[in-house]
Amino acid sequence: MTTPGPSPGPVTTAAPAPDAAAAPNPDPAPGWLAQRLAAQLLSGPPVEGTVQVAGHLLAVQAQDQRGARLAVRARSRARSAADVDDALTRDRSVVVTWLNRGTLHLVRTEDYWWLHPLTTPQLFTGNTRRLAQEGVPPADAERGVAVIERSLTADGPLTRAQLAERVAKAGVRTQGQAIVHLLVLASLRGIAVRGPMAGREHAYALVRDWLGEPRGPRGAPAAFDRDRALAELAARYLAGHGPATERDLAKWAGLPLGDARRGLAGIAGRLAGRDDGLADLAARPGRGSGDCPLPPPRLLGAYDPVLLGWASREPIVGPHGKLVAINGLFRPFAMVAGRAVGTWSMPGGKVALTPFAPLAEAVAAALAGDAAEVERFLHSPAGAARG
């Protein structure tokens, strides 16, 4: 999280989106939304860096590499995208893998060991279906995963292209999205994980080599305990997303509603008494409870966690939902007073903002300052990489 610097350069600004230019001003954000944004680390003091963001939010959407880096930027004192890469490559303190709803997430290494067995078993059926759609029958999938494991054991970490070459030589189809879903299968089985960066690409590593011995919740060596993991999930989810409902938790984690209820029941003694039907932690030092200020104007990246943490994103995107997210694609957007006010891109390495309606001069200036910070953060070659 950064403060706009003095006299920032201008942001390239396109005309307001035609279907939103005449939209009325939104109603003031409700108090619970301000509390959620504080829990998301978008208001209040920033945390230190990548590990702290991943630890607080538990799992950060990461199929877009730039988007994951920008999620860290908006919530921490991280100085550049290279800081995120260092956590992945040098420190091994975070990894990226398929969890929760079956998409890539950035998580702390110590949280991988219980999130993986908790949230991946239900993903195998969809993976088998997608492999069949890509022309990879079960026998070929088994051979492909075996090649991936042997290759990572002998020569890992390796990039997707390097693994695809070896799998193809074994006579297994890799065209289209076939190699992706073979890598998903290897990841769901706990064989592979996205570990270090190899230049601009994210390389895959053997879990047992890259992460070492399995760890339970809070890093303690332990066998997996599902009830304990569900309670940990509920507490950690609320820490970064509360106040929320049981359905919000279930959707975010990709688990049945009954599991969400079991998790919340497991921490019943730690929940706050509220009269709005939302669940939250009673003890939340320093942020996310009581009266919370709304975040300052800020540019957020593609697939930012603030759009993916609850059953509905309507409180933030309002009538502009299809301009921010459509067909599973989430665009970078500008947020002011807790609401989306435009989208942005980076043609030629400079932020270009497309507001939904004309912006007040002070808001435009604040977003210009944040745009300069985004450009500086992404200046390194590693920062320019995309998933």
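Residue numbers here run from 1 along each chain, matching the order of that chain's written sequence. Where local features are concerned, this predicted model is filtered to residues with pLDDT of at least 70; where side-chain atom pairs are given and counted, the filter is 80 or more; whole-chain, interface and lining totals use all residues. Note that the side-chain values use all heavy atoms of the structure and ignore hydrogens as well as water.

S.K.: Would you mind going over the overall build of the protein in detail, with residue names and values included?
M.R.: Per the convention used, a helix needs a DSSP run of H or I reaching at least four residues, while a strand needs a run of E reaching at least two, with both numbered from the N terminus. From N to C terminus, the protein includes 16 helices and twelve strands. Residue exposure (1.4 Å probe, protein chains only): buried if accessible area is under 20% of the type maximum, exposed if over 50%, otherwise partly exposed. Out of the 387 residues in the protein, the part that is buried amounts to 54%. Every residue pair with non-hydrogen atoms within 4.5 Å of one another is taken to be in contact. Summarising the internal contacts of the protein: among those between residues at least 6 apart in sequence, 69% fall at separations of at least 24. Note on areas: Shrake-Rupley with a 1.4 Å probe; residue coverage comes only from the protein chains shown. Entry remark: accessible area of the protein is about 16400 Å², with carbon and sulfur atoms responsible for 54%.

S.K.: For the layout of surface pockets, give the residues involved together with the corresponding values.
M.R.: The pocket and cavity definitions rest on a 1 Å grid over protein atoms only: a 1.4 Å probe that fits but cannot leave marks a cavity, an open set with protein on both sides within 12 Å along at least five of seven lines marks a pocket, and residues lining either have an atom within 4 Å of a point. Grid points are joined across faces, edges and corners, and a volume is the space filled by probe spheres set on the points. Within this model, the largest pocket holds a volume of roughly 710 Å³. Lining of the largest pocket is provided by 28 residues; of these, Trp98, Leu104, Gln177, Val180 and Val184 occupy positions nearest its centre. Every element with two or more residues in the lining of the largest pocket is listed here: strand E4 (103-108), helix H6 (124-133), helix H8 (160-169), helix H9 (178-188) and strand E6 (201-206). In terms of residue count, the dominant contributor to the lining of the largest pocket is H9 (five residues).

S.K.: Requested: an account of empty space enclosed by the protein, with residues and values cited.
M.R.: Counting across every chain of the model gives three cavities of 30 Å³ or more. Taken as a whole, the largest cavity holds about 80 Å³ of empty space. Taken together, Ala62, Gln65, Ala68, Arg69, Val84, Leu88, Val96, Leu106 and His202 form the lining of the largest cavity. Looking at the lining of the largest cavity, the elements with two or more residues in it are helix H3 (65-73) and helix H4 (81-89). No other element matches the three residues that H3 contributes to the lining of the largest cavity.

S.K.: I'd like a description of the packing of helix H11 (residues 226-241) against helix H13 (residues 257-266), backed by residues and values.
M.R.: Axes here refer to lines fitted to C-alpha atoms; in helices the fit is confined to the stretch in contact. Angles between the N-to-C directions go from 0 to 180 degrees. Packing of H11 against H13 brings their axes to within 7 Å, and their N-to-C directions diverge by 80 degrees. It follows that H11 is roughly perpendicular to H13 by the angle criterion. In this structure, H11 uses Arg226, Asp227, Leu230, Ala231, Ala234 and Leu238 to contact H13, whose residues at the interface are Asp259, Arg262, Gly263, Leu264 and Gly266. Angle categories are assigned with fixed cut-offs, so that under 35 degrees is roughly parallel, over 145 is roughly antiparallel, 65 to 115 is roughly perpendicular, and the rest are oblique.

S.K.: Outline the environment of proline 214, supporting the account with residue identities and numerical values.
M.R.: Counting through the fold element by element, proline 214 comes out in the loop between helix H10 (207-210) and H11. Through-space distance from the C-alpha of proline 214 to that of threonine 109 is 9.8 Å; in sequence the pair is 105 residues apart.

S.K.: Before we move on, could you go through the packing of aromatic side chains and cite the residues and values that matter?
M.R.: How two aromatic rings sit relative to each other is set out by the distance from centre to centre and by the angle between their planes. Pairing of aromatic side chains here covers Phe, Tyr and the six-membered ring of Trp, requires ring centres within 6.5 Å, and sorts the geometry by plane angle: under 30 degrees stacked, over 60 edge-to-face, intermediate tilted. Under the counting rule described, the total for this entry stands at three aromatic pairs. Between the aromatic rings of tyrosine 112 and tryptophan 113, the centroid separation amounts to 5.2 Å while the plane-to-plane angle is 80 degrees, which identifies the pairing as edge-to-face. For the pair tyrosine 112 and tryptophan 113, a shared accessibility class is recorded, and that class is buried. Should the NZ of a Lys or the CZ of an Arg lie within 6 Å of a ring centre and within 35 degrees of the ring normal, that charge is described as sitting over the ring. Across from the ring centre of tryptophan 210, 3.6 Å away, lies the NZ or CZ of arginine 92, which sits over that ring.

S.K.: Which residues make up unusual backbone geometry, and what values do they have?
M.R.: Omega for the bond connecting glycine 156 with proline 157 falls within 30 degrees of zero, at 0 degrees, which places this linkage in the cis form. Position of proline 157 among the secondary structure elements: in the loop between helix H7 (138-155) and H8. Following glycine 242, the chain continues into proline 243 via a peptide bond in cis, with omega recorded as 0 degrees. By the secondary structure assignment, proline 243 is in the loop between H11 and helix H12 (246-253). The phi dihedral of leucine 58 is positive, around 75 degrees, even though this residue is not glycine. Tracing the chain through its elements places leucine 58 in the loop between helix H2 (50-57) and strand E2 (60-61). A positive phi angle is found at tyrosine 303, which is not glycine, with a value near 60 degrees. Within the secondary structure layout, tyrosine 303 lies in the loop between strand E7 (298-300) and helix H14 (314-317). Taking relative accessible area as the criterion, tyrosine 303 reaches 11% and is therefore assigned buried.

S.K.: Go over the packing of H3 against helix H16 (residues 361-377), please, and point to the residues and values.
M.R.: Running from N to C, H3 and H16 cross one another at 125 degrees; their axes reach a closest spacing of 11 Å. One finds that H3 runs oblique with respect to H16. For the pair H3 and H16, the sense of crossing is right-handed. Contact residues: H3 offers Arg69, Leu70 and Arg73, while H16 offers Asp370, Glu373, Val374 and Phe377. Looking at side-chain class alone, the contact of H3 with H16 contains three nonpolar, no polar and four charged residues. Here a crossing is taken to be left-handed if its near helix is turned anticlockwise relative to the far helix by less than a right angle, and right-handed if that turn runs clockwise. In this classification, the charged set is Asp, Glu, Lys and Arg, the nonpolar set is Ala, Val, Leu, Ile, Met, Phe, Trp, Tyr, Cys and Pro, and all remaining amino acids, among them Gly, are polar.

S.K.: Outline the nonpolar core, supporting the account with residue identities and numerical values.
M.R.: If you look at the biggest cluster of nonpolar residues, it comprises 62 residues, and the most contacted ones within it are Leu106, Ile148, Leu152, Leu182, Leu299, Trp344 and Val374. No other element matches H9, which puts nine residues into this core. The contact partners of tryptophan 344, leaving out residues within four places of it in the chain, are Leu70, Leu299, Leu300, Gly301, Pro332, Phe333, Ala334, Val351, Ala352, Leu353 and Val374. We define the nonpolar core as a collection of buried residues of types Ala, Val, Leu, Ile, Met, Phe, Trp, Tyr and Cys that are connected through side-chain atoms lying within 4.5 Å of one another. Ranked by size, the runner-up nonpolar core spans 56 residues in total, among them Ala59, Ala239, Ala325 and Met335.

Bear in mind that shape data such as this cannot, by itself, settle questions of function.
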